[in-house]
Amino acid sequence: MSWLKNQSRNENLLYLVVWGMLFAVTLLSLYVRTVSDQTVTFSWNEVFIVWRLFAVYLLFFLIHNFLIAPLFVYQHRRVMYVIVVVVVLAAFVAYQYSMRPSLRGFMGHRPPRTEMRDARNSSDSNRESSTRVTAPVNNNGEYKGDEMPPPPQDQPEQARFRRHMPPPIFGERDVLSVVVLILMFGANLGAKLYFRNRTDHERLMELEKQNLEQQLEYLKYQISPHFFMNTLNNIHALVDIEPSKAQETIRELSKMMRFVLYESDKSGVPLKKELEFIRTYIKLMELRFTDKVKITVEMPSDVPDKTIPPLMLISFIENAFKHGVSYQHESFIDVKVETEPEQLMFTCRNSKADKPNEEKGGVGLANVKQRLNLLYGHRYKLHIHDTADSYNVELTIPLS
């Protein structure tokens, strides 16, 4: 599926652009410093030091993007995802710990016990010698002039102990690095969820499009078998009574069948042909009914050069004949089409029969609404007024 490949390519392109900008900003920053401050010289060593740090983050990003994130996004294994992320963070912390030379020096060069004992003995002798130092005093035991007594010297043992104290295992910089890594994982996960939602939306639209095409095919061959059968019966009756009218009816039926077979598979047909199809349909339907059924049709004489999805309006008219005609009582069907430069207004109003016609045909109003939603989104208006004695449909759609 091309749309699936496009989404994957767009996602990888986004990551490539972001990381490329991140690596390029190091060069740009150093270049700006050299331009603004003449004492600063361009050094590739500084660039490589920063790039090496970025490379570590890039490595963990790739691990998360291709190995860990799919656990959450595609396989929905949330617990496993959390566990693996914690393990990766622990590995990152261990890496940070191994890269601290102060810790390595402390852990690898601890002074031996004999050296520590000699240091304590030396400190004791130094402490005794320090007590014998004479201060500059006069005969009365006072310090001479403004001279102050020498400050007490630090104990050598304490200084050596402080010098060999281990640095904190997890410092402020380490915490910041882990936070940056977590934020990076979150951004990566958010990007993958965004593209996954877009992929699901594209897949849903593809399925709906296929379903719509199947419904349209169903509409083409269901519009309606009963209608064609009854029309042929009427033509058979007219052959002996009015042969000329029977011939005209056959020609009209041929036009309808040609339109259904050869025009309805297109995404859009000329509005003029669609209205001619509706006129022919109503004209042939009139052959079945007596004067008790009053049918009025109003259509513009000057039709704009626009297109409309095929067989969009016929379902409402077929529904009117199916549910609005009574063979015992007077009935009516009013069809009206108005056009403006950019939109079409369709109205179909019919009476309600006590016992609706049981013919089956068409795809139903629910599927027509779904088709309108897929084709026009929020750009159409459909109002249906269902009362006790009438059924009124008002539809406004844009023209292209």
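Residues numbered from 1 in each chain as written. Predicted model: local features only at pLDDT ≥ 70, side-chain atom pairs only at ≥ 80, totals over all residues. Heavy atoms only, no water.

Participant: Any chance you could explain the overall build of the protein chain here in plain terms?
Facilitator: When helices and strands are counted, the protein chain shows twelve helices and seven strands. For the protein chain, the residues scored as buried account for 34% of the 400 residues in total. Of the contacts made within the protein chain by residues no fewer than 6 positions apart, 73% connect residues no fewer than 24 positions apart. On the protein chain, roughly 25800 Å² of surface is accessible, and the fraction owed to carbon and sulfur atoms is 58%. (Helix = DSSP H or I, 4+ residues; strand = E, 2+ residues; numbered from the N terminus. Buried < 20%, exposed > 50% of the residue type's maximum accessible area, 1.4 Å probe, protein only. Contact = heavy atoms within 4.5 Å. Areas by Shrake-Rupley, 256 points an atom, 1.4 Å probe, with all protein chains shown as cover.)

Participant: Sorry, what's going on with unusual backbone geometry here?
Facilitator: With the exception of glycine, most residues fall at negative phi, and the peptide bonds are largely trans. One non-glycine residue, histidine 76, lies in positive phi territory at about 60°. Mapped onto the fold, histidine 76 is located in the loop between helix 2 (44–73) and helix 3 (78–98). A positive phi angle, near 60°, is found at leucine 311, a position not held by glycine. Inspection of the secondary structure assignment puts leucine 311 in the loop between strand 3 (307–308) and helix 11 (314–324).

Participant: How should I be thinking about the packing of helix 2 against helix 3 in this particular structure?
Facilitator: In a packed pair of helices, the relevant descriptors are the angle between the two axes and the axis-to-axis distance. In contact at an axis separation of 9 Å, helix 2 and helix 3 are set at 165° when each is read in the N-to-C sense. For the element pair helix 2 / helix 3, the angle class is roughly antiparallel. The hand of the helix 2/helix 3 crossing is right-handed. On helix 3, the residues touching Val56, Tyr57, Phe60, His64, Ile68, Ala69, Leu71 and Phe72 of helix 2 are Arg78, Met80, Tyr81, Val84, Val85, Val88, Phe92 and Tyr95. Here the contact of helix 2 with helix 3 is built from residues that sort into 14 nonpolar, one polar and one charged. (Axes fitted to C-alpha atoms, helices over the stretch in contact; angles between N-to-C directions. Parallel < 35°, antiparallel > 145°, perpendicular 65-115°, else oblique. Left-handed = near helix turned anticlockwise from the far one by under 90°. Nonpolar A, V, L, I, M, F, W, Y, C, P; charged D, E, K, R; others polar.)

Participant: I would appreciate a short explanation of the environment of phenylalanine 72 in the present structure.
Facilitator: Assignment of secondary structure puts phenylalanine 72 in helix 2. For the pair phenylalanine 72 and leucine 193, spaced 121 residues apart in the sequence, the C-alpha separation amounts to 9.3 Å. If we skip the residues at most four places from it in the chain, phenylalanine 72 touches Arg77, Arg78, Tyr81, Leu189 and Leu193.

Participant: Could you clarify how one ought to interpret the pattern of salt bridges in this entry?
Facilitator: Here the idea is simple: oppositely charged side chains can pair when their charged atoms come close. For the structure on display, the rule yields eight salt bridges. Residues glutamate 248 and lysine 283 are paired through a salt bridge, measuring 3.0 Å at the closest nitrogen-oxygen approach. Of the two residues, glutamate 248 is situated in helix 9 (residues 243–262) and lysine 283 in helix 10 (residues 271–286); the sequence distance between them amounts to 35 residues. Given a relative accessible area of 32%, glutamate 248 falls into the partly exposed group. Measuring nitrogen to oxygen at the nearest pair gives 2.8 Å for the salt bridge that ties lysine 352 to aspartate 386. Of this pair, lysine 352 sits in the loop between strand 5 (343–351) and helix 12 (364–376) while aspartate 386 sits in strand 6 (residues 381–386), placing them 34 residues apart in sequence. (Salt bridge = Lys/Arg side-chain N within 4 Å of Asp/Glu carboxyl O.)

Participant: Honestly, the pairing of strand 7 (residues 390–398) in this entry has me stumped. Any pointers?
Facilitator: Consecutive side chains along a regular strand alternate between the two faces of the sheet. For strand 7, the tally of buried residues reaches eight of nine residues, placing the bulk of the element in the interior. Two strands pair when backbone bridges link them, and strand 5 and strand 7 are joined in this way by nine bridges, in the antiparallel orientation. Within strand 7, the position partnered with methionine 345 by the bridge is threonine 396. Here strand 6 pairs with strand 7 via six bridges, running antiparallel. The residue of strand 7 that forms the bridge with lysine 381 is threonine 396. Here strand 6 folds back onto strand 7, and the loop between the two strands holds three residues. (Pairing = 2+ DSSP bridges.)

Participant: When you look at a nonpolar patch on the surface in this model, what are you seeing that I'm missing?
Facilitator: A cluster of nonpolar residues, Leu59, Leu62, Ile63, Phe66 and Leu67, forms a patch on the protein surface that exposes about 480 Å² of accessible area. You can see leucine 67 is positioned in helix 2. For leucine 67, a relative accessible area of 62% gives the class exposed. (Patch = residues over 30% accessible without salt bridge, like charges linked within 9 Å, V, L, I, M, F, W, Y side chains within 5 Å.)

Participant: Can you walk me through the confidence of the model for the protein chain in this structure?
Facilitator: Detailed reading of predicted coordinates is not advised where the pLDDT is low. Averaged over every residue, the pLDDT of the protein chain is 77; residues scoring 70 or more account for 74%. Within the model, pLDDT remains below 50 along residues 102–113, and this stretch shows 13 contacts once partners closer than five positions in the same chain are excluded. The model gives residues 128–133 a pLDDT under 50, and that stretch makes zero contacts with residues more than four places away or in other chains. (pLDDT = per-residue confidence, 0-100.)

Participant: Please clarify how the nonpolar core should be interpreted in this entry.
Facilitator: Across soluble globular proteins, you tend to see nonpolar side chains buried next to one another. If you look at the biggest cluster of nonpolar residues, it comprises 48 residues, and the most contacted ones within it are Ile317, Phe321, Leu344, Phe346, Leu372 and Leu395. Looking at this core element by element, the count peaks at eight residues for helix 10. Apart from the residues within four sequence positions on either side, isoleucine 317 is in contact with Ile278, Tyr281, Ile282, Val335, Phe346 and Cys348. In this structure, Trp19, Tyr57, Phe61 and Val178 belong to the second largest nonpolar core, which totals 21 residues. (Core = buried A, V, L, I, M, F, W, Y, C linked by side-chain atoms within 4.5 Å.)

Participant: Looking at this structure, how should I read the sheet that holds strand 7?
Facilitator: Sheet strands associate in pairs through backbone hydrogen bonding, adopting either a parallel or an antiparallel arrangement. The five strands are arranged 2-4-5-7-6 in an open sheet whose pairing can be described as mixed. Either end of the sheet is taken by a strand with one partner, and the two such strands are strand 2 (293–298) and strand 6. The sheet shows a mean angle of 5° between the axes of neighbouring strands, taken without regard to direction. Contacts from helix 11 reach strand 2, strand 4 (331–339), strand 5, strand 6 and strand 7, with the element oriented near 5° to strand 5.

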